[in-house]
Amino acid sequence: MRSDSSEMPDEPPPFLGSWSRVYTAVVVYLALLIALCYAFTRAFS
Amino acid sequence: MRPLDWVVLVGSLTSIIAYGLYRGRGSNTVDRYLLAGRSMPWYAMALSIMATQASAITFISTTGQSYVDGMRFVQFYFGMPLAMVILCATAVPIFHRANVYTAYEYLENRFDGKTRALASVIFLMQRGLSVGLTFYAPAIVLSIIFGWPDRLTTLIIGITVVLYTVTGGIRTVTWTDVQQMLIILFGLVVALVMIVLLLPRQVSFLDAMHLAGSAGKLNAVNFHFDWNDRYNVWSGLIGGMFLALSYFGCDQSQVQRYLTGKSIAQSKLSLLFTAMAKIPMQFFILFIGAMVFVFYIFEPAPLVFQRVEYNRIRQPELRARYEPIAASYQDAFTRRKGAALAMVEARHSHDSRAESDSIASYRRAQQDLDAARRQGASLVEATGGEKGFRDTNYIFLSFVTRYLPAGIVGLLIAVILAATMSSSSGEINSLATVSVVDIYKRHFRKGASDHHYLTASRVATAFWGAYAVAFAGLGKHLGSLIEAVNIVGSLFYGSLLGVFVLAFFFKWVTGTGAFVGMLAGEAAIFAAFLFTGISFLWYNVIGCLVVIGTGMAVSLVSPAAPGRPSQF
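As the structure is a prediction and not an experimental result, all values here were calculated from the model.

1. Let's talk about the overall build of chain B
Of the regular secondary structure elements, chain B holds 22 helices and 0 strands. Structurally, chain B occupies a C-alpha span of about 80 × 50 × 50 Å along its principal axes. When each of the 568 residues of chain B is scored for burial, the buried share is 59%. Nonlocal contacts in chain B, meaning residues at least 24 apart in sequence, comprise 85% of its contacts between residues at least 6 apart.

2. Side note on the overall build of chain A
Within chain A one finds 1 helix and 0 strands. Counting the 45 residues in chain A, one finds 18% classified as buried.

3. A short note on unusual backbone geometry
Positive phi outside glycine occurs at Leu16(A), with the angle close to 65 degrees. With respect to the secondary-structure elements, Leu16(A) resides in the segment before helix 1 (19-44). We classify Leu16(A) as partly exposed; it has 13 C-beta atoms within 10 Å. Unlike most non-glycine residues, Asn99(B) shows phi in positive territory, near 65 degrees. You can see Asn99(B) is positioned in the loop between helix 6 (91-98) and helix 7 (103-110).

4. A word on the interface of chain B and chain A
Listed per partner, the contact involves 29 residues of chain B and 23 residues of chain A. Every element with two or more residues in the side of chain B that touches chain A is listed here: helix 2 (30-35), helix 5 (80-89), helix 6, helix 10 (205-214) and helix 13 (264-298) of chain B. It is helix 13 of chain B that contributes the most residues to the side of chain B that touches chain A, 6 residues altogether. Its residues assigned to classes, the side of chain B that touches chain A shows 20 nonpolar, 6 polar and 3 charged.

5. Topic: the environment of Gln75(B)
Structurally, the position occupied by Gln75(B) is in the loop between helix 4 (56-69) and helix 5. Leave out the neighbours within four places in its chain, and Gln75(B) touches Val221(B), Tyr231(B), Asn232(B), Val233(B) and Gly236(B).

6. Looking at the environment of Leu556(B)
Structurally, Leu556(B) can be placed in helix 22 (residues 537-557). Measuring from C-alpha to C-alpha, the distance between Leu556(B) and Gly513(B) comes to 8.5 Å, with 43 residues separating the pair along the chain.

7. Structural notes on the domain arrangement of chain B
All names here are of chain B. Here the domain parsing of chain B yields domain 1 (3-296 + 400-474) and domain 2 (307-389). Computed over C-alpha atoms, the centres of domain 1 and domain 2 are 35 Å apart. Facing 8 residues of domain 1, the contacting portion of domain 2 comprises 9 residues. Counting residues per element, the side of domain 1 that touches domain 2 draws most heavily on helix 10, at 4 residues.

8. Here we look at the confidence of the model for chain A
Chain-level pLDDT for chain A is 82 on average; 80% of the residues reach the 70-or-more range. With pLDDT under 50 throughout, residues 1-5 of chain A is counted as low confidence; its partners more than four residues away or in other chains account for 9 contacts.

9. Here we look at the packing of helix 5 of chain B against helix 13 of chain B
Residue and element names in this part refer to chain B. Contact pair helix 5 / helix 13: the axes reach a minimum separation of 9 Å and the direction vectors enclose 170 degrees. Taken together, the axis directions place helix 5 and helix 13 in an arrangement best described as roughly antiparallel. Here Met-80, Pro-81, Met-84, Leu-87 and Cys-88 of helix 5 lie close against helix 13, whose contacting residues are Lys-268, Leu-271, Leu-272, Thr-274, Ala-275, Met-276 and Lys-278. Split into classes, the residues belonging to the contact of helix 5 with helix 13 amount to 9 nonpolar, 1 polar and 2 charged.

10. Points about helix 6 of chain B
Those residues of helix 6 of chain B not exposed but buried are Ala91(B), Val92(B), Ile94(B), Phe95(B) and His96(B). Trailing helix 6 of chain B by a residue or two, Asn99(B) shows a phi angle of about 65 degrees, which is positive.

11. Here's the deal with the packing of helix 4 of chain B against helix 17 (residues 395-403) of chain B
All names here are of chain B. Following both chains from N to C, one finds helix 4 and helix 17 inclined at 105 degrees, their axes separated by 7 Å at the closest point. One way to sum up the angle between helix 4 and helix 17 is to call them roughly perpendicular. The residues of helix 17 that touch helix 4, namely those facing Ile-60, Thr-63, Gly-64 and Tyr-67, are Ile-395, Phe-396 and Leu-397.

12. Structural notes on the nonpolar core
Residues and elements named next belong to chain B. Met-291 and Val-292 are the most contacted members of the largest nonpolar core, which has 208 residues in total. Broken down by element, the residue count for this core peaks at 21 residues, all from helix 13. Both domains that meet at this core, namely domain 1 (3-296 + 400-474) and domain 2 (307-389), each give it at least three residues. With sequence-adjacent residues up to four places away left out, Met-291 is seen in contact with Leu-192, Ile-195, Val-196, Ala-208 and Ala-212.

13. Notes on the environment of Gly216(B)
Residue and element names in this part refer to chain B. With respect to the helices, strands and loops of the structure, Gly-216 is situated in the loop between helix 10 and helix 11 (233-250). The exposure class assigned to Gly-216 is partly exposed, which follows from the 16 C-beta atoms found within 10 Å. With 145 residues separating them in the primary sequence, Gly-216 and Met-71 have C-alpha atoms 8.7 Å apart.

Rules used in this analysis
- Residues numbered from 1 in each chain as written.
- Chains lettered and ligands numbered in written order.
- Predicted model: local features only at pLDDT ≥ 70, side-chain atom pairs only at ≥ 80, totals over all residues.
- Helix = DSSP H or I, 4+ residues; strand = E, 2+ residues; numbered from the N terminus.
- Buried ≥ 20, exposed ≤ 12 C-beta atoms within 10 Å, placed from the backbone.
- Contact = placed C-beta atoms within 7 Å.
- Nonpolar A, V, L, I, M, F, W, Y, C, P; charged D, E, K, R; others polar.
- Domains from an automatic or database assignment.
- pLDDT = per-residue confidence, 0-100.
- Axes fitted to C-alpha atoms, helices over the stretch in contact; angles between N-to-C directions.
- Parallel < 35°, antiparallel > 145°, perpendicular 65-115°, else oblique.
- Core = buried A, V, L, I, M, F, W, Y, C linked by C-beta atoms within 7 Å.

See the structure below:
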């Protein structure tokens, strides 16, 4: 029922040049969010 | 609801559905009906993924959760970005290249038919239970506002959802999701602005945050590790990551979203965008709940937010038991309000000693108020109310309908109903896909025409809609709905994740190993659920590890049969 996509290429991301750099940016962003949430908790508790 | 609310409500819902049907026209083949002809751009997939997740439950239950328990629930989402990165590097390209309609179809390519069938059945059980809860949330809304019976409300919403999902397939589902998500974001901002505007003039936004924080409502992060503590950074990062891996990697309601992508890159971008947007969005929703808490420091809140039970415990025959609780609640409210105003004044005059004193009084009053609310809930329970009664799901809606102006109420009700329709349509669509592709076509009717499977998909969609409506009433027995949905998911996701980990990373594991592993994983999860106090976030870790361990052990003693090598 489906057309063949087994040769579908993995295109590069539209920014940062490679997927590993994009993944690293997401992990850094997560660390930053947790740090901000921690600062928020400390500031208002 | 006033006339303007009705105009906003009906107008916004009608336009969302009309737009979705317009974008979904031409879904006349199975490929277009179930996978939108693999034509969707990343932003539509991302908003659709978020919208499917952000149901009415998210909106009404999360805010109530924050009012009662603070913002610590946000940690539940910390594992999601890690999970998305792992999925983008593994599952997304594998599923795309495997040329499949469902995640479970891939399991037959990799293992065998029985493993695919078991995974499909586990998905159908889990998602079938959840979709009923998705329908139940708006039934709460309308039962509070209009006093309509839950069943009738569920039926009306169910028929609407089934009609447009059956008609337009996943393309309609996705484009209605996009509109619905935009309305949700707009509604969230409007709700927060309105709450802040309704605070007393002398209480600034910063004061409100200090008041919420001093009552422990802004407790977004806790680094202390405890197995039995439902939400801390570690359970969020590890348990939440496993849950997100399971949900986005093995749950067809999510996998089907990114299988509609134009390319692997578009699908990856949709997941990564979701990962980045989800935590701030949940933070924002929880923050709204914390601000509703601050609002009710200055405005009297009912002892019990569920109006029907509240009216019942105030009946003359229960007065002797109700009045002492109400008196202590009122006393605690008055003391808390006085202490809060004193705290604000001390902050403004930079009097640190007066501020410390007022914070201590404020916290004592808050403890007394919480105790009175617990007694109120116990009274509901002891006098014929539901066992384990909680009014978490009613807090935000009580506030909306009582204090917000005409038009805004209609907008927020539209948000809640649209969220329900969008989530349930996605779930029903995925249930129908698995029923037809993995069960009906695989085991009952092979080799029929495309038109036959298209008709079967529409019939299955209607069936799952009816099923969801029939089981929606289960929601009233499950306390906080947002937790109930995640607990139900955690009972099944761990073993699904485990079998996909075996499929992706352990080439030598056999179909029998994977099959027995899944059964063992489910047994371990239910044992943890029934016989231990372990937090549900860890069920996914436990289930996944048991599946992997058992699958490997069984494969060692029963290697793959000749002529059926493991594939990757």
